[in-house]
Amino acid sequence: MNLNLQNKTVLITGGSKGIGLSIAESFLAEGARIIITSRDSENLKKAINHLTDKGFKADQIKTVALDLSLSDACSSLHKQYPDVDILINNAGAIPGGNIFEIDEEKWRSSWELKVFGYINLTRHYLKSMQGKKKGVICNIIGMAGIAPRYEYICGAAANSALISFTQAIGGASVRSGVRVFGINPSPTKSDRMEVMLKKTATDKLGDPNRWMELTTTLPFGRMAEPYEIANLAVFGCSDLCGYLSGTVINVDGGQNFSTPQK
Ligand SMILES: NC(=O)c1ccc[n+]([C@@H]2O[C@H](COP(=O)([O-])OP(=O)(O)OC[C@H]3O[C@@H](n4cnc5c(N)ncnc54)[C@H](OP(=O)(O)O)[C@@H]3O)[C@@H](O)[C@H]2O)c1
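Residues numbered from 1 in each chain as written. Predicted model: local features only at pLDDT ≥ 70, side-chain atom pairs only at ≥ 80, totals over all residues. Heavy atoms only, no water.

**Topic: the pairing of strand 3 (residues 61-65)**
Sheet topology note: the strand 2 (residues 33-38)/strand 3 ladder contains five bridges and is parallel. Pairing of Thr37 across the sheet is with Val64, part of strand 3. In this region the chain leaves strand 2, passes through helix 2 (residues 41-53) and returns to the parallel neighbour strand 3; the handedness of that crossover is right-handed. (Pairing = 2+ DSSP bridges. Helix = DSSP H or I, 4+ residues; strand = E, 2+ residues; numbered from the N terminus. Right-handed = clockwise from strand over helix to strand, strands pointing away.)

The following block contains the structure:
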């Protein structure tokens with residue numbers, strides 16, 4: 001299958017690690033050029049080394065270090081790279097916890113990145129893409145938006161807002177040739193998920209080191225692999241999925257509809 005992504009320019013926020021890095025790798029494998037962002041230039045260097053070790057050319061990869069929870073950073077990223085074919089909104093770091101564990105400051109600061117960061121970048125890039133009458137925006141959101149849990153309340157509410165945002169924008173953007181869709185991953189192997197599972201293992205099992213035990217009850221007895229999210233993102237952004245917009249795809253191995261097992 002030819003996804004026709006050769007020489008497309010793809011901006012991936014939070015592309016230094018986890019799901020974002022895997023998306024970066026999958027786009028490179030299709031011949032696209034990528035721009036990856038993260039706060040930390042050391043993490044970005046490690047990401048470049050990881051990708052070049054896999055045989056990808058360094059001249060296909062650009063990096064930008066900035067904190068996307070700051071509105072000015074979103075505008076300066078857009079000023080630096082106004083002309084991308086595909087935007088992947090992925091950078092997010094909402095901590096686990098219930099309403100008493102997430103105080104107002106933590107709540108607001110994590111939404112600055114995951115909610116307002118996605119909204120601000122979409123506003124900037126939608127406008128540029130509308131001008132060219134083409135482009136795709138893919139929002140990596142999260143299953144908690146449709147299967148909310150008290151123990152991840154800040155993320156659940158953020159994801160739920162981003163699902164509505166994606167549906168509303170993607171319903172209208174097609175009038176000017178732009179597609180906007182989303183993906184809701186369920187627990188997927190990454191640094192962030194390890195931190196979250198360690199907290200749950202501390203709360204439930206009294207020992208953070210037992211976090212892997214929490215994954216055995218998941219579908220297929222494991223977390224999703226980052227590439228299982230990444231490949232869907234890449235396929236969804238390709239012209240082969242030219243009628244996909246205003247939709248958020250759940251990737252949870254059927255967990256939302258499964259009967260709890262002992
Ligand atoms: N993994 C899962 O199970 C899962 C499930 C559902 C949804 N998701 C969503 O998927 C996305 C990626 O998650 P992940 O698990 O792959 O996380 P991850 O491994 O922790 O990676 C997060 C990425 O975001 C960057 N980042 C963090 N804070 C930033 C900031 N303020 N400004 C710019 N970049 C920032 C990180 O780089 P630096 O640290 O270098 O800044 C890193 O590149 C998130 O939006 C998350 O909510 C993940």
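There is more to say, and it comes next.
**Regarding unusual backbone geometry**
Leave glycine aside and you will find that most residues have negative phi; peptide bonds, for their part, are mostly trans. With phi around 65°, Asn7 is a residue other than glycine that occupies positive phi space. Here Asn7 is to be found in the segment before strand 1 (9-13). In the Ramachandran plot, Lys133 falls in the positive-phi region, its phi being about 60° despite a non-glycine side chain. With respect to the helices and strands, Lys133 occurs in the loop between helix 4 (104-132) and strand 5 (135-140).

**Things to note about the domain arrangement of the protein chain**
Annotation of the protein chain at the domain level lists domain 1 (9-185 + 224-252) and domain 2 (190-218). With nine residues of domain 1 in contact, the opposing surface of domain 2 contributes six residues. Both sides together, the interface formed by domain 1 and domain 2 hides about 490 Å², and carbon and sulfur atoms give 56% of it. Applying the counting criterion to the domain 1 and domain 2 interface returns one salt bridge. (Domains from an automatic or database assignment. Contact = heavy atoms within 4.5 Å. Buried area = accessible area lost by both parts, 1.4 Å probe. Salt bridge = Lys/Arg side-chain N within 4 Å of Asp/Glu carboxyl O.)

**What about the site of the ligand?**
Around the ligand, the surrounding shell holds 30 residues, and the nearest of these are Ser16, Arg39, Asn90, Thr188 and Ser190. At 2.7 Å, a side-chain N or O of Ser16 approaches an oxygen atom of the ligand. One of the side-chain N or O atoms of Ser38 is found 2.7 Å from an oxygen atom in the ligand. Protein contact buries 95% of the 880 Å² of open area that the ligand shows by itself. Put simply, the parts of the chain that give the shell around the ligand at least two residues each are helix 1 (18-29), helix 4 and helix 6 (191-205). Partitioned by chemical class, the residues of the shell around the ligand number 11 nonpolar, 12 polar and seven charged. For the shell around the ligand, the domains that each give at least three residues are domain 1 (9-185 + 224-252) and domain 2 (190-218). (Near = heavy atom within 4 Å. Polar contact = N/O pair within 3.5 Å; in protein donor to acceptor, adjacent residues only side chain to side chain. Areas by Shrake-Rupley, 256 points an atom, 1.4 Å probe, with all protein chains shown as cover. Nonpolar A, V, L, I, M, F, W, Y, C, P; charged D, E, K, R; others polar.)

**Section: the packing of aromatic side chains**
Overall, the coordinates contain one aromatic pair when judged by the stated rule. Their ring planes at 50° and their centres at 6.0 Å tell us that Trp107 and Trp111 sit as a pair that is tilted. In this pair, Trp107 and Trp111 both sit in helix 4, four residues apart, roughly one turn of the helix. (Phe/Tyr/Trp six-rings, centres within 6.5 Å; stacked < 30°, edge-to-face > 60°.)

**Some points on the environment of Ala32**
Relative to the assigned elements, Ala32 resides in the loop between helix 1 and strand 2. By relative accessible area, which is 1% here, Ala32 ends up buried. In this structure, the C-alpha to C-alpha distance between Ala32 and Thr9, residues 23 residues apart in sequence, is 6.1 Å. (Buried < 20%, exposed > 50% of the residue type's maximum accessible area, 1.4 Å probe, protein only.)

**Examining the side chain of Ser110**
The residue Ser110 is located in helix 4 in this model. With near-sequence residues (within four places) excluded, Ser110 lies in contact with Ala93, Ile94, Pro95 and Cys154.

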